[in-house]
Amino acid sequence: MGKVTNENNVKPNPTITFEAETFRRIQPEEYLRKFVQQHVRPDGRSYNHFRKTTVNLSCITTADGSSMVRIGNTTIVCGIKAEVSEPKLNFPKEGYLVPNIDLSPICSPRFKPGPPSEQAQIISENLNKLLKNPKVIDLETLCIEEGKAAWVLFADIVCVNYDGNIFDACVMALISALADVKLPKAVYEDGLVKATEEKIFALSFIRIPYSISFAMFDGKHLLADPNEMEESIIKSAITIAIDEAGQLCNIWKVGTSCTSEQLRFCISKARERYVDITSIIEKAKQAT
Amino acid sequence: MRNKLIQSENLCWLLDEHRPEVTVTPIIIKSSDKEKILLKDVNGRRRDGRNLEDIRPIFLKTGLISQANGSAYIELRQTKIACGVYGPRQTKVASFSGKGNLNCEIKFAPFSCLKRRQSYRDAQEKELSHLVFEALAPSIRLDLLPKSTIDVFISVLENDGTASCLAAAITCASVAVADAGIEMSDQVAACSASYIDGDIYMDSDLLEEQRETGSIVLSYMPSLNEVTHILQSGEVEISQTTQAIEQCTDACSKIYSVMNHSLLESVKDKMQ
């Protein structure tokens, strides 16, 4: 056996070349920057392109209202269960609306089993803020008997697949599931609440907010509807919640600062997107 | 005192100002009496038109969770289950293990049952998780995966009968493990049956399950002709159990063809 010789006599390449996948793994930020410089994103979308969004209503028969939302690969199921409790002493006429999200380990390798993660609790809290201030549902319509009994709507959200922009998907699922809720007629008699079997009464909305998210890369590029890969690299984001009149309900901005022009741009894009979301949900309502 | 107790159980997040402490389901005034609904008519057909030995139509699809190594979604009319498989990945505990670890977790969504479930894991979920593990473990070549863990997470979105739900979860998990490209000796198909008034109702739904005197869940590897797990409860004659096992193995073979079909489809998708 002789020595191993370089038969092809290839000169060593002075610049190191990588497979694109290797590059993405070791230099994720630089990888994204290379795409953004060409005005395109790694999944082929342009900056302002939202992923394909679908909504399915009344998909869970054990829930009083339910919806499944898919934004790209992100899949969210929201089911609402109605129970009864005593109203709060300072708000004797009001019922409760309790949103809660479960980011279970099934949806992404980043979540571990156990009590809800920090991220899940933050999303639940933000959803709660969005529902309570400004008011979305008139909680007084949930009253059964003043000071005695009121409906408690548990809006439980389960993430089946986590591929970024989870908050927008949660808001869409939550609002469309609330619109799908049908409650029975209930009466309060001697400490007991009796309800009819058939469900007739729907919730009345004060306003219908949806949220629209943008990721801000390098302080100047606004990427609409970021996916998981983009979100893991970009730490700055703007989320805007607006209602049907185009009025702002909430703004969440995290990370580096943004200019007022950028904010205005986001709001105008959000208004355009709002129209698309309403038409998607209208279609879903007709399909059921 | 109370807060301390709750914190120690890691449930402190359940207490917050937005939600009431105690909630109950209202008493439903029934217009139709559930006891009077007949489970089968004079021709032996069930409420949904099935014969006693028929199973519900199955919708099974792989690759629905893009973040997981393998995944599957199964639907048996109302029953809806998603399963994601992560791994084989490095075992976190320091001790050496020559065999791979299989970790199965089944979770009911809070809205999946007639009564709302709490979001933390209860005893039933732990029991069912263990049963899924028992049924799956013999089929997976864990001896080829030292120092690794396979995590199987199952999420029940809607539960239409717990026994049939467990069977569907096992079937779904088996397909998801295969979708993750993990070596197996065979696929595990599972099927349930209820004993009601001397009859065997295959793949029973919730209303049938509420009236059963006993039930059986059988997990079976059709190509190897081996049973990986049987769970029977209730008072049943031996002859009836034998018959139920036979019927379940037949049904499992039918489920097996559906599983193979969906795996073939997923391979075709991946080739494109």
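Please read all numbers here as calculations on a predicted model, not as lab measurements.

Regarding its fold elements, chain B presents five helices and 10 strands. Taken against the 2.2 N^0.38 rule, which gives 19 Å for 272 residues, the C-alpha radius of gyration of chain B at 20 Å falls within 12% of a compact globule. Over its C-alpha atoms, taken along the principal directions, chain B stretches across nearly 60 × 55 × 40 Å. Residue burial in chain B is summarised as follows: out of 272 residues, 42% are buried. Taking all contacts inside chain B whose residues are at least 6 apart in sequence as the whole, residues at least 24 apart take part in 70%.

We now examine the UniProt feature "domain: Exoribonuclease phosphorolytic" (unreviewed entry) in chain A. According to UniProt, the positions carrying the feature "domain: Exoribonuclease phosphorolytic" (unreviewed entry) are residues 50-184 and 208-272 of chain A. The span residues 50-184 of chain A is 22% helix and 37% strand, and its two end C-alpha atoms sit 38 Å from each other.

This part covers the sheet that holds strand β9 (residues 214-221) of chain B. Residues and elements named next belong to chain B. The strand order across the open sheet formed by four strands is β8-β7-β9-β10, and the pairing between neighbours is antiparallel. The outermost strands of the open sheet, each flanked by one partner alone, are β8 (199-202) and β10 (226-234). Adjacent strand axes in the sheet meet at a mean angle of 20 degrees when their direction is disregarded. Looking at chain direction, strand β7 (residues 189-196) and β9 are connected through seven bridges and run antiparallel. The residue bridging Ala190 from the neighbouring strand is Ser219, located in β9. With respect to the sheet, helix α2 (residues 123-136) is in contact with β7, β9 and β10, its orientation differing from that of β10 by roughly 145 degrees. Packing of helix α3 (residues 162-179) onto the sheet brings it into contact with β7 and β9, and relative to β7 it is tilted by some 170 degrees.

Before going further, it helps to examine the pairing of strand β2 (residues 58-62) of chain B. Residue and element names in this part refer to chain B. A one-sided burial pattern is seen for β2, the buried positions being Ile58, Leu60 and Thr62 and the unburied ones Phe59 and Lys61. Where β2 meets strand β3 (residues 70-76), five bridges bridge the pair, whose relative direction is antiparallel. Directly across from Ile58, in β3, lies its bridge partner Leu76.

Any two packed helices are characterised by the angle at which their axes cross and by the distance between the axes. Residue and element names in this part refer to chain B. The interhelical angle for the contact between α2 and α3, taken along N-to-C directions, is 50 degrees, at an axis separation of 10 Å. On the basis of the axis angle, α2 is oblique to α3. Remark: the crossing between α2 and α3 carries right-handed chirality. Listed contacts from α3 to Leu128, Leu131, Val132, Ala135 and Leu136 of α2 are Leu166, Ala169, Ile170, Ala173, Ser174 and Val177. Across the contact of α2 with α3, the residue classes tally to 10 nonpolar, one polar and no charged.

Let's shift gears to the UniProt feature "domain: Exoribonuclease phosphorolytic" (unreviewed entry) in chain B. Annotation from UniProt places "domain: Exoribonuclease phosphorolytic" (unreviewed entry) at residues 55-183 and 186-246 of chain B. With 23% helix and 48% strand, residues 186-246 of chain B has its two end C-alpha atoms placed 19 Å apart.

All names here are of chain B. Among the eight residues of β9, seven are classified as buried, and the element is accordingly described as predominantly covered. Sheet topology note: the β9/β10 ladder contains eight bridges and is antiparallel. In the strand pairing of β10, Ser215 is matched with Ser233. Count of turn residues in the β9/β10 antiparallel hairpin: four residues, of which Asn225 carries a positive phi of about 55 degrees.

Quick look at the environment of Leu60 of chain B now. All names here are of chain B. Within the element layout of this structure, Leu60 appears in strand β2. On the basis of neighbour counts, which here come to 20 C-beta atoms within 10 Å, the residue Leu60 falls in the buried class. For the pair Leu60 and Leu264, spaced 204 residues apart in sequence, the C-alpha to C-alpha distance is 12 Å. Not counting residues up to four positions away in its chain, the partners in contact with Leu60 are Ala72, Ile74, Val175, Val258, Met259 and Ser262.

Basis of the calculations
Residues numbered from 1 in each chain as written. Chains lettered and ligands numbered in written order. Predicted model: local features only at pLDDT ≥ 70, side-chain atom pairs only at ≥ 80, totals over all residues. Helix = DSSP H or I, 4+ residues; strand = E, 2+ residues; numbered from the N terminus. Rg over C-alpha atoms; globule rule 2.2 N^0.38 Å. Buried ≥ 20, exposed ≤ 12 C-beta atoms within 10 Å, placed from the backbone. Contact = placed C-beta atoms within 7 Å. UniProt positions renumbered as here; feature names shortened; annotations may be inferred. Pairing = 2+ DSSP bridges. Axes fitted to C-alpha atoms, helices over the stretch in contact; angles between N-to-C directions. Parallel < 35°, antiparallel > 145°, perpendicular 65-115°, else oblique. Left-handed = near helix turned anticlockwise from the far one by under 90°. Nonpolar A, V, L, I, M, F, W, Y, C, P; charged D, E, K, R; others polar.

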